[in-house]
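# Fold and geometry: a report
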Amino acid sequence: MTDQRANRSRRQFLAASTAGLAAASHAIAQGGATEPAAAAQPTRSGGKLPVKSISSANGLRTTRRAYEMMLRGADTLDASVAGVTIVEDDPRDTSVGYGGLPNELGVVQLDAAVMHGPTHQAGCVASLERIRNPAKVAQLVLQQTDHVLLVGPGALKFAKAHGFKEEDLLTDRARKIWLRWKQTMSDRDDWLPPAEGIEESDPQAAAILRNRPTGTIHCASMNAEGDISCVTTTSGLAFKIDGRVGDSPIIGAGLYVDNEIGSCGSTGRGEANLQNQCSFAAVELMRSGMTPVEAGLEVLRRVAKHTVPRLRNDQGEPDFGLKFYLLRKDGMHGGVSMRGPTKFAVTDEKGTRLETCTTLY
Ligand code: GLY
């Protein structure tokens with residue numbers, strides 16, 4: 001294909017995908033849509049392998065941005081970070097960045113990590129306050145320090161030294177959800193709930209209050225040369241203990257890439273990933289010849305086996321959510337989930353869409 005034809009094809013792809021994608025992305029940010037986005041026109045990369053970006057279900061805009069950037073020659077980590085930045089900036093997503101749900105004290109504390117396949121370098125930040133884009137800060141830890149992980153006030157000082165602006169990340173909606181949680185948590189303290197809470201007018205808030213979420217975004221991207229990078233960014237478990245750090249900023253738990261094999265990243269109960277080194281384990285299982293879905297399911301089985309009784313339901317199954325997003329060096333991808341139904345986002349030459357995760361239960 002000539003450059004001119006490739007450019008025309010890319011413009012067609014972008015135009016075709018924009019309308020359906022905008023509608024689906026909005027619905028996902030509201031916690032609703034499960035249908036695939038409108039199929040886009042196919043396009044082709046000039047390289048040998050399929051250019052591809054995958055993400056959690058809140059990442060339709062993310063994978064599209066990363067894919068577009070890779071077609072223009074961007075590095076796979078730059079593309080992935082630019083993709084998740086869209087969601088970090090979106091106050092409608094209460095699991096990530098600005099507008100994320102706070103800890104038990106009402107303070108938003110963010111975790112993020114990046115891993116660059118071609119150099120096998122990583123950067124991470126944990127318990128970062130007042131900076132809306134922790135993934136970008138994590139990338140700077142990778143690029144401009146001799147370290148891998150910065151936490152809390154030190155991470156904030158590092159971000160400010162690099163020009164990041166401090167701001168209050170707690171939106172009014174997130175504050176109201178947190179306040180309702182605090183007021184209804186116990187009838188043995190002095191916080192009394194008003195007669196009508198936010199859950200009366202906001203169905204997503206009601207779901208959050210019923211089941212504290214560990215929503216997060218993960219994105220992994222592969223270019224035509226087969227280089228793979230990934231990023232995970234989150235506000236962590238809603239109403240967590242001050243200082244609690246989940247899996248997202250921990251390499252091997254919330255994400256991992258081996259450029260010769262593939263990548264895995266996760267959303268869901270971070271403690272399970274920390275206890276089982278899930279992302280690392282999944283990549284190693286792909287090294288042994290498993291497909292992405294086989295590897296993800298095997299890691300979910302290990303998590304289930306190691307789950308303590310208090311976290312099991314009446315059937316003895318883990319009662320928490322856990323998902324893995326896997327990308328193998330040959331371009332094969334998959335999403336798996338402890339239970340369904342659930343989706344994940346993909347952009348490749350077939351367009352941008354939600355695909356269905358394979359479930360263990
Ligand atoms: N997986 C996100 C968290 O547990 O913090």
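For the structure, check the block above.
### Section: the overall build of the protein
The number of helices and strands found in the protein is ten helices and 13 strands. Split into buried and exposed, the 361 residues of the protein put 55% on the buried side. Carbon and sulfur atoms make up 50% of the accessible area of the protein, which totals about 15300 Å².

### Some remarks on the sheet that holds strand β12 (residues 351–356)
With mixed pairing, eight strands are arranged side by side in an open sheet as β4-β3-β2-β6-β5-β1-β11-β12. Each edge of the open sheet is held by one strand with a lone partner, namely β4 (149–151) and β12. Taken pair by pair, the neighbouring strands of this sheet meet at an average axis angle of 10°, ignoring direction. Where strand β5 (residues 217–222) and strand β6 (residues 228–234) come together, six bridges link them in antiparallel fashion. When the sheet's bridge partners are listed, Cys 219 is paired in β6 with Val 231. Running over the sheet, helix α4 (residues 134–144) touches β2 (110–116), β3 (121–128), β4 and β6 and is turned about 135° from β3. Across the sheet, helix α5 (residues 152–161) is in contact with β3 and β4; its angle to β4 comes to roughly 105°.

### As for the site of the ligand
By nearness alone, every residue bordering the ligand is listed as Thr 214, Thr 216, Gly 236, Leu 237, Arg 244, Gly 246, Asp 247, Ser 248, Gly 268 and Gly 270. Here Arg 244 contributes a side-chain N or O atom positioned 2.7 Å from an oxygen atom of the ligand. With respect to the ligand, the backbone of Gly 270 contributes an N or O atom lying 3.0 Å from an oxygen atom. Protein coverage of the free-state accessible area of the ligand, which is 200 Å², stands at 100%. Partitioning the shell around the ligand into residue classes produces one nonpolar, seven polar and two charged.

### Considering a nonpolar patch on the surface
Judged by side-chain polarity, Val 148, Leu 149 and Val 151 come together as a nonpolar surface patch covering roughly 240 Å² of accessible area. Checked against the element boundaries, Val 148 lands in the loop between α4 and β4.

### Description of helix α2 (residues 60–71)
Over its twelve residues, α2 extends 17 Å from the first C-alpha to the last, a length consistent with the 16 Å expected when each residue adds 1.5 Å. Taking burial as the measure, the twelve residues of α2 include ten buried ones, the bulk of the element. Here α2 has its buried residues at Leu 60, Thr 62, Thr 63, Arg 64, Ala 66, Tyr 67, Glu 68, Met 69, Met 70 and Leu 71. Positive backbone phi, approximately 100°, marks Gly 73, located one or two places after α2.

### Some words on the side chain of Ser 279
In this fold, Ser 279 is placed in helix α9 (residues 278–287). Classification of Ser 279 by relative accessible area gives buried; the value is 0%. In terms of polar contacts, Ser 279 uses its side chain to reach the backbone carbonyl oxygen of Cys 264, at 3.4 Å. Each residue touching Ser 279, except ones within four places of it in the same chain, is listed here: Gly 252, Ala 253, Gly 254, Leu 255, Tyr 256, Cys 264, Gly 265 and Ser 266.

Thresholds, definitions, all that
Starting from 1, residues in each chain are numbered consecutively following that chain's sequence as written. With pLDDT at 70 or above as the cut-off, local features in this predicted model cover only qualifying residues; side-chain atom pairs require 80 or more to be listed or tallied, and sums for whole chains, interfaces and linings still use all residues. Only heavy atoms go into the side-chain values, all of them from the structure, while hydrogens and water stay out. Secondary structure is summarised from DSSP: a helix means a run of H or I of at least four residues, a strand means a run of E of at least two, and numbering begins at the N terminus for each. Burial classes follow relative accessibility: with a 1.4 Å probe on protein chains only, a residue under 20% of its type's maximum area counts as buried, one over 50% as exposed, and anything between as partly exposed. Surface exposure here means Shrake-Rupley accessible area, sampled with a 1.4 Å probe, where a residue is shielded only by the protein chains that are shown. Here the rule is simple: two strands pair whenever DSSP picks up at least two bridges between them. In this analysis, axes come from line fits to C-alpha atoms, helices being fitted only over the stretch in contact, and the angle between any two N-to-C directions falls in the range 0 to 180 degrees. When checking whether two residues touch, look at their non-hydrogen atoms; a contact exists if any pair is within 4.5 Å. If a single non-hydrogen atom of a residue is within 4 Å of a molecule or strand, that residue counts as near it. Pairing of N or O atoms within 3.5 Å defines a polar contact, subject to two protein rules: one partner must be a possible hydrogen donor and the other a possible acceptor, and residues neighboring in sequence count only if both atoms are side-chain atoms. Residues are sorted three ways: Asp, Glu, Lys and Arg are charged, Ala, Val, Leu, Ile, Met, Phe, Trp, Tyr, Cys and Pro are nonpolar, and all the rest, Gly among them, are polar. Only residues above 30% relative accessible area that lack a salt bridge enter a patch, with like-charged residues linked at up to 9 Å and the nonpolar side chains Val, Leu, Ile, Met, Phe, Trp and Tyr linked at up to 5 Å. Salt bridges, as used here, are contacts in which a Lys or Arg side-chain nitrogen is within 4 Å of a carboxyl oxygen on Asp or Glu. Under the convention used throughout, the expected extent of a helix is 1.5 Å for every residue step, that is, one less than its residue count.

Purely geometric stuff here, so don't read any function into it on its own.
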